[in-house]
Amino acid sequence: MADVTITELAKMVGVPEDRLLEQIKEAGLPQTKAEDTMTNEERTALLMSLKSKHGEDTSGGATPRKITLKRKTVETLKTSDNQGRSKAVNVEVRKKRTYVKRSVEEAQLEAERKEAEQRAQEEKERLEKEALEKAKKSGDKAAKDDSAGVKDSASKVPFSLKKDAAEDLPIDEKSEARRDHKKGATRKDSINVNSEVLDKKKANLRRREKDEEAKKFQRVRSSDDFILDDDQEFDDTARRRGRRKLSQGQKEHKFEMPTDFISREIEVPEAISVGDLAQRLSLKSGELIKSLMGMGVMATLNHMLDQDTSILLVEELGHKAKPVSDHALEENLVESIKYEGEEVSRAPVVTVMGHVDHGKTSLLDYIRKSSVTEGEAGGITQHIGAYHVDTDSGMITFLDTPGHAAFSAMRSRGAQATDIVILVVAGDDGVKPQTEEAVQHSQASGVPIVVAINKMDKEGVDVDRVKNELAAKGLTPEEWGGDTQFIEVSAHTGKGIPELLEAVLLQAELLELKAIKDCPAKGVVIESRLDKGRGPVATVLVQNGTLKMSDVILAGHEVGKIRAMIDETGKQIKEAGPSIPVEILGLNGTPDAGDDFLVVQDEKKAREVAEFRMNKFRELQVAKQQAAKMEAVFATIGDEEKKLLNVVLKTDVRGSLEAISAALLGLGNEEVSVNIISSGVGGISETDVQLAQTSKATIIGFNVRADKAARALVENESLELRYYSVIYDLIDDVKAVMSGMLAPELQEEILGVAEVRDIFTSPKFGSIAGSMVIEGVVYRSKPIRVLRDDVVIYEGELESLRRFKDEASEVRNGMECGIGVKNYTDVRVGDKIEVYERKEVARTLA
């Protein structure tokens, strides 16, 4: 055929042009317009594409025998609950219909059916013709009636009988019927023969209808999608209702337990109970416990197995173990966050560290042109302050850390979250313990140090001494050939401040600090507290990305959506970029200082991770308590009961809580210790007072106060409530209370010594030692020791003390006396009688 256009082809096949163009496009042919022509090969390719689309095999093989059509619809049903309220339920209906193409055998049967039908028609015509000829010869009217009856009976033969009439007629009966006709047999006999044939055909018809009915219900039903077996029987009622009638054998289930072992891959977490592992292995717990006993492990149903033991057990049972980390959920969440974008320069984060009262906060005050020190209780910093300052050379973020010994954890966090450390050392005081600790934290974190020698405006400053002491700690000045910058400054006059900032920015340029700005934010929690009006408040430092309002943030085991962002000046802001400290509101709790935070997109996953972290934290706390209880039990075996000072501690910020808790727990010894019953951030509530009442604890508030209900309960129950604003006073008072709980120390004091010069016998007291007091005073009412050759041979008390014949209560040095020792008569000349007393001396906690 010659080339034809798309328009002509559409008219030939009877489809719209647009539909034909879509089919041509799906077939991958180049024609796009109705005027384009198609060759014979392209029409063949289009035909093959359409055939393959409709399920036909175009590869030259066997054509498909089955086509399955699927349809899915969604309907809405209205139902009502127990309370009569209506609700809509979406119901999804899936239908599937399968069409099966006839096989070659079925085609042959159809051809045979048509052939048999044709032979039956020829036989009917022959019989009619013979009947008419017979009637003409005999002239009998009855014969005509018989002919009419044969015609009617033949016409009433069912269609299914006609197709096999010739085949099903026996050969003997055919020949016999023909002989009867030749011999002039009557038409009545011929009709009787045909009646027998009809009876057989009816029986065959009933048999075929039954077979067709059974085959009909073997098809896949579109309504309920199940296949009926050949041996299922149906009654009329069940068929009309669309239900099947099952036999007794079919009502029994045909499930058989698999005889072959099936090896599966079992996920094994870091810790799993025996019961949970048995459930994953599809085994009974008893069988698993037997296997453990065979491995030498005695376990119960709730016994926790570690990962190594679980892997060995799973492999012993023939399965394949797949170790799974407990932190998989957390790791998947972190991996789903993409930190991609262009890196830009960011401001350095500088931590100011040093010994207490060396001028760290005052130095920052001068840089910020503010007065923070005046607002600090006792003039000392007690939590981390975060500020960012715009200088002439660029922006710098400062972290001010406490210098008191109790805030070691804060200084450690400050060194880990920073880029540069300014080590402040007082020129008139030199290197102190907290100075050395700050150097150790900085060196452990690998952070460069810039030394600021402060208080240069005071007299008695020795710069060389400071340099020598720091050089011994590994900080060698640049002028001595080292790499540490030493800047002489004064927080009061401002001397050296510009040089200090220039040194910091120079160090920052060498570090080449970079961050991605356009990505989800992440950073570290600097501080957190519980505000009575605003709820949990966290001070965070953004290290990467941009923190925005309404971001979902995950910090430690706390999660929430940011409701407000406030900078260090108290102004609300909408976003915070890298190296910017900011206060955020919206978390469901106060995270621990030093926790990492990150912004996530999926709030549901974030809450799952937070709940997982909280559960792990609780398990760890319970494990610590159990271990502490066992250690306490073993430690107190055979010893006196250890005294405990129970304390309920509430502070203003999380960092102070951590520092004070560590300081109080470090005050104890083997006789007395502090037991923190409860601790938290925020004001003292009635619940805290009730807990203190139950546990007989002292309530300590650090920069917080009790509410009205809590104060009333404290007064009614006569509980001890103490407020503090300076950590020095808190620790000193607790130390004094613990010292009072210590058992007093017994000290012996020798009051006098008498030497035996002679022995007298008294009928009333027995042996009397005539003695001379050679030291101190001998008292009658005090305990004594008898020494022989400076060795104690007896301890007891005096029975009598006489001066000449008179009783005496005491005899002084250089005087003679008679001494009677109670219940002891083996006193000899030369023995010494020592008089002493025991005194209780109050102990103090070191």
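Refer to the structure above for everything that follows.
Just so you know, these numbers come straight off a predicted model, no measurement behind them.

**Points about the overall build of the protein**
Scanning the protein from N- to C-terminus turns up 25 helices and 37 strands. Expressed as a percentage of its 846 residues, the buried residues of the protein come to 38%. Sequence separation of at least 24 residues holds for 67% of the intrachain contacts in the protein that already meet a minimum separation of 6. Carbon and sulfur atoms provide 48% of the accessible area of the protein, an area that totals close to 50300 Å².

**Observations concerning the packing of aromatic side chains**
Enumeration over the complete set of coordinates arrives at 1 aromatic pair. Each ring, one from Tyr 794 and one from Tyr 824, has its centre 4.6 Å from the other, and the planes form 15°; the classification is stacked. Linking Tyr 794 in strand β33 (residues 791–803) with Tyr 824 in the loop between β36 (816–821) and β37 (832–841), this pair joins segments that are 30 residues apart in sequence. Arg 705 extends its terminal NZ or CZ atom over the ring of Tyr 723, reaching a point 4.4 Å from the ring centre. Between the NZ or CZ atom of Arg 785 and the centre of the ring of Tyr 836, over which it lies, the distance is 3.8 Å.

**A closer look at the nonpolar core**
Within the largest apolar cluster, 25 residues are counted, with the highest numbers of intra-cluster contacts made by Val 350, Leu 363, Ile 396, Phe 398, Ile 422, Val 489 and Leu 500. Those elements that place two or more of their residues in this core are β10 (349–354), α16 (360–368), β11 (385–391), β12 (394–400), β13 (420–426), β14 (449–454) and α20 (497–511). Excluding its chain neighbours within four sequence positions, the residues that come into contact with Ile 396 are Pro 348, Val 350, Tyr 387, His 388, Val 389, Leu 501, Val 504 and Leu 505. Formed by 23 residues, the second largest nonpolar core is a distinct cluster that contains Ile 676, Tyr 724, Leu 730 and Met 738.

**As for the packing of helix α1 (residues 6–13) against helix α2 (residues 17–26)**
Look at α1 against α2: their axes get within 9 Å of each other, and the N-to-C directions meet at 105°. Between α1 and α2, the angle falls in the class roughly perpendicular. Two secondary-structure elements touch here, α1 through Ile 6, Thr 7, Leu 9 and Ala 10 and α2 through Glu 17, Leu 20, Leu 21 and Ile 24.

**Comments concerning the pattern of salt bridges**
What the rule picks out here adds up to 31 salt bridges. Its salt-bridge partner being Arg 785, residue Glu 834 comes within 3.2 Å of it at the nearest N-O pair. Linking Glu 834 in strand β37 with Arg 785 in strand β32 (residues 783–788), this pair joins segments that are 49 residues apart in sequence. For Glu 834, a relative accessible area of 13% puts it in the buried group. With relative accessibility at 9%, the residue Arg 785 sits in the buried group. Among the ionic pairs, Arg 788 bridges to Asp 831, the shortest N-O distance being 3.0 Å. Of the two residues, Arg 788 is situated in strand β32 and Asp 831 in the loop between β36 and β37; the sequence distance between them amounts to 43 residues. Both residues of the pair, Arg 788 and Asp 831, belong to the buried class. Residues joined by salt bridges that share partners form a network here, namely Glu 748, Arg 785, Glu 795, Glu 834 and Arg 838.

**Considering helix α19 (residues 463–472)**
Residues spaced three or four apart along an α-helix point in a common direction, a consequence of the helix completing one turn every 3.6 residues. Among the residues of α19, those classed as buried are Val 463, Val 466, Lys 467 and Leu 470. Each buried residue of α19 lies within a common arc of 95° when the element is viewed along its axis, so the set occupies one face. Here the buried face of α19 lies against β13, β14 and β15 (485–488). Between a side-chain oxygen at the N-terminus of α19 and the backbone nitrogen of Asp 464 the separation is 3.4 Å; the capping residue is Asp 462.

**As for helix α22 (residues 654–665)**
The first and last C-alpha atoms of α22 sit 17 Å apart over 12 residues, in line with the 16 Å expected at 1.5 Å per residue. Three or more residues of α22 are buried, namely Arg 654, Gly 655, Ser 656, Leu 657, Ala 659, Ile 660, Ser 661, Ala 663 and Leu 664.

**Examining the sheet that holds strand β21 (residues 558–566)**
Sheet architecture is closed into a barrel: 6 strands sit in the order β17-β18-β23-β21-β20-β24, paired in antiparallel fashion. For this sheet, the mean angle separating the axes of adjacent strands, direction not counted, is 45°. Of the pairings in the sheet, the one linking strand β17 (residues 522–531) to strand β18 (residues 535–544) comprises 9 bridges and is antiparallel in character. Paired with Arg 529 across the bridge in β18 is Val 537.

**Some details on the packing of α16 against α20**
Running from N to C, α16 and α20 point in directions that differ by 90°, and their axes come no closer than 11 Å. Put simply, α16 runs roughly perpendicular to α20. Residue-level inspection shows Leu 363, Tyr 366 and Ile 367 of α16 in contact with α20, the latter providing Ile 497, Leu 500 and Leu 501. For the contact of α16 with α20, the per-class residue count stands at 6 nonpolar, no polar and no charged.

**Side note on the pairing of β15**
Across 4 bridges, β14 lies against β15 in parallel orientation. Bridge pairing links Ala 452 to Ile 487 in β15.

Rules used throughout
Residues numbered from 1 in each chain as written. Predicted model: local features only at pLDDT ≥ 70, side-chain atom pairs only at ≥ 80, totals over all residues. Heavy atoms only, no water. Helix = DSSP H or I, 4+ residues; strand = E, 2+ residues; numbered from the N terminus. Buried < 20%, exposed > 50% of the residue type's maximum accessible area, 1.4 Å probe, protein only. Contact = heavy atoms within 4.5 Å. Areas by Shrake-Rupley, 256 points an atom, 1.4 Å probe, with all protein chains shown as cover. Phe/Tyr/Trp six-rings, centres within 6.5 Å; stacked < 30°, edge-to-face > 60°. Lys NZ or Arg CZ within 6 Å of the ring centre and 35° of its normal. Core = buried A, V, L, I, M, F, W, Y, C linked by side-chain atoms within 4.5 Å. Axes fitted to C-alpha atoms, helices over the stretch in contact; angles between N-to-C directions. Parallel < 35°, antiparallel > 145°, perpendicular 65-115°, else oblique. Salt bridge = Lys/Arg side-chain N within 4 Å of Asp/Glu carboxyl O. Arc of directions from axis to C-beta. Polar contact = N/O pair within 3.5 Å; in protein donor to acceptor, adjacent residues only side chain to side chain. Expected span 1.5 Å × (residues − 1). Pairing = 2+ DSSP bridges. Nonpolar A, V, L, I, M, F, W, Y, C, P; charged D, E, K, R; others polar.

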